[in-house]
Amino acid sequence: MIELIYHDLCSGCGKCVEVCPTNVLALNAQARPLIADQGACQTCFMCELYCVSDALYVDPDCEQPRHPDPVAVREAGLLGQYRRDSGWDEWADDPRHRNEHWRMDGVFALARGVPLVGKG
Amino acid sequence: MTELTCDVLVIGGGLAGTWAAVAAAREGVRVILVDKGYCGTSGVTATAGPGHWWVPPTPGAREAAIDKRLGTAYGLADARWMSRIIDTTWTSLPTLSGYYDFPQDERGITQYRGLRGPEYLRGMRRLALDNGVTILDHHPALELLRDDQGTVAGARGWRRQAGGDWQVRAGAVVLASGGCAFLSRLLGSHTNTGDGYLMAAEAGAELSGMEFSSYYCIAAAGSSMTRSMVYSFGEYFDAADRPLNIATGPTFTESLAKALLNGPVYCRLNRVPAQIRAQLPSIQPNLMLPFDRRGIDPYRDRFPVTLHPEGTIRGVGGLRVIDDDCQTTVPGVFAAGDAASRELIAGATSGGGAQNSAWALSSGQWAGRGAARLARKKPLHRGALQGFGGAGLTPGCSSPLIRRIQSEVHPLDKNLFRSGTQLERSLRELDNVWDHVREAPRAADANPLRTREIAAMAATARWCYSAAVQRNESRGMHQRSDAPQQNPSFDAHLRVYGVDQVQSRFDPLSLQGQTP
């Protein structure tokens, strides 16, 4: 679930508050996002995807808070991973992050042991 | 109270809802789309990667695809409806160019069939806005409204971020509110609590196929990442590190479920080819997040896995549609996507991702267009509107009821492996829950949605298990240990209806796809 908001990275744009489908986040009096209802988080990572500042961290544990160390998370390079791998925003023209979702068919076929014809 | 007026009100902004809104707007009518969360991230498509049922119009191809699916529908699906969604999907997806950047494969062929969820829904939002749809995010609907003749004439709800209530007066309503997984850990499913089923049933709508609601999906334990593709390569072990015989294929879920009932199950993905490992972040960018963030190398380490229940999401059941426009048995109320029963195209088996996405896209457009055409013919009602006196509309302190509902519908040994006596026991407990929902004391809860969601989940659970009791046989995903064979006397559609008193009826197969 959502665990960390890095206020030094946050631009205060409010996008995360807008896009969270379960209304977990809210803006405080200084127009900064805060985790208002952590228990409502469904661990869908959508807030991270829409945060162009990579200022949010969702822990993959969907059942209980883990209280991750904000410095360790940052130093491990985990911020912005989903947005980067999705090729959003400034990553859009990076050939390393092209949308290869279409390969799913080939992966399934490979798993079934079916020889791949014309698929990567 | 914010009061608005339109021709078509779409409730839900996921895959079906956005296609419905676009189709309605293209008919030239005024469309409002309300979403409980945010249109673009809400619902189970936005977090997934929907492939569509994608069959070219080459001679014989579609007939063969339909025949294959009829074989797993166990008599309950309709070839004509399958043909309709194949055709609508084939012609619709390419029109999204400009809103979705369809990639090309190595041979330069544009790939339309599978889309990434976040980009798909982001594009659908933009397409809806460009077609003049008014989108109201964080506007959960609480109930349908009727005029003094009893005709559905809109809906009302809560502005959960802006504060206050909303009311929309509309000529027709499309329910695209999703299915119901009872707040399981299925990725993206927490907005889908069966609200639309309840709203429609209060107005007199029927549901169909609710007994087919026992689908489960694998995920790493403790995570929400129900993306099953890589698990086809999995090797499975018990707690003593003994290999388990869990083979990819139609018996996968059942084998895994049986193993899980005996104790923890661990998985290792060492059989994933190196080339695929390198490509995975570009194929499914969210797949590796739980592993990377937990410091697990799934190709080397064993990690515990679980099954997350999907209820009616990848299950089949939903509101019964009675005509080609996906109108429900309540005039002026249309249903699309997981809110509608998919029995017509999937029968007794989950349609899986491909059929289900094709259904959402197609039923959404039919419902939106049908609603628009109906609304255009209808003078807008100007008098007073009122609700249907539904359950859970008075905020009460009933959060413990969620656990009680879940403990009947989530466990594998109650829902996946069914028996008549257990279903009856669960139903009695769910009836007790329902009584509590009905009697919920007024509380100073600022969140009117929560109680209503609980009511919707309780009602949905009762419909699912009432249907499961009535279908005293095994068919498709509905498997009962006390009636393990398919029985021709149940070659019929099972309709359930009623909110306080749940009732049911078998309709003969000849009635399927009938237009009124």
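Treat the numbers as computed from the prediction; the structure is a model and nothing was measured.

Some details on the overall build of chain A
- Each helix and strand in chain A was counted, giving 5 helices and 4 strands.
- Listed N to C, the secondary structure of chain A is β-α-β-β-α-β-α-α-α in terms of helices and strands.
- A globule of 120 residues ought to have a C-alpha radius of gyration of about 14 Å, yet chain A, at 17 Å, is considerably larger.
- Within chain A, buried positions represent 52% of all 120 residues.
- Intrachain contacts of chain A at a sequence separation of at least 6 include 52% that bridge at least 24 residues.

A closer look at the sheet that holds strand 11 (residues 265-268) of chain B
Residues and elements named next belong to chain B.
- If you walk across this open sheet you meet the 5 strands as 8-12-11-9-10, and the pairing is antiparallel. Looking at which strands have only one partner, the edges of the open sheet turn out to be strand 8 (215-220) and strand 10 (243-244).
- In terms of strand pairing, strand 11 meets strand 12 (residues 303-311) through 3 bridges, oriented antiparallel. Counted as the bridge partner of Val265 is Val305 from strand 12.

Quick word on the pairing of strand 4 (residues 141-146) of chain B
All names here are of chain B.
- Within strand 4, 5 of the 6 residues are buried, which leaves the element mostly enclosed by the surrounding structure.
- Sheet topology note: the strand 4/strand 5 (residues 152-158) ladder contains 5 bridges and is antiparallel. Pairing of Leu145 across the sheet is with Gly154, part of strand 5.
- In this structure, the hairpin formed by strand 4 and strand 5 is closed by a connection of 5 residues, where Gly150 is found at a positive phi of approximately 90°.

Describing the state of the cysteines
- A complete count under the given rule lists 0 disulfides over all chains for this structure.
- As a non-bridged cysteine, Cys47 of chain A has Cys41 of chain A as the owner of its nearest cysteine sulfur, 6.5 Å distant.
- With a relative accessible area of 9%, Cys47 of chain A lands in the buried category.
- The thiol of Cys6 of chain B is not disulfide-bonded; the next cysteine sulfur, from Cys39 of chain B, is found 15 Å away.

A few points about the pattern of salt bridges
Residues and elements named next belong to chain B.
- Evaluation of the coordinates by the stated rule reveals 47 salt bridges over all chains.
- One salt bridge in this structure joins Glu235 and Arg268, with 3.4 Å as the shortest N-O distance. Taken as a pair, Glu235 in strand 9 (residues 235-237) and Arg268 in strand 11 lie far apart in primary sequence, 33 residues in all.
- Looking at Glu235, the relative accessible area reads 25%, which means it is partly exposed.
- Residue class for Arg268 comes out partly exposed when judged on its relative accessible area of 23%.
- Asp431 is the salt-bridge partner of Arg462, the closest N and O atoms lying 2.8 Å from each other. Separated by 31 residues along the polypeptide, Arg462 in helix 14 (residues 448-470) and Asp431 in helix 13 (residues 420-438) bring together distant segments of the chain.
- Owing to a relative accessible area of 30%, Asp431 belongs among the partly exposed residues under this scheme.

Procedures and definitions
Residues numbered from 1 in each chain as written. Chains lettered and ligands numbered in written order. Predicted model: local features only at pLDDT ≥ 70, side-chain atom pairs only at ≥ 80, totals over all residues. Heavy atoms only, no water. Helix = DSSP H or I, 4+ residues; strand = E, 2+ residues; numbered from the N terminus. Rg over C-alpha atoms; globule rule 2.2 N^0.38 Å. Buried < 20%, exposed > 50% of the residue type's maximum accessible area, 1.4 Å probe, protein only. Contact = heavy atoms within 4.5 Å. Pairing = 2+ DSSP bridges. Disulfide = S-S within 2.5 Å. Salt bridge = Lys/Arg side-chain N within 4 Å of Asp/Glu carboxyl O.

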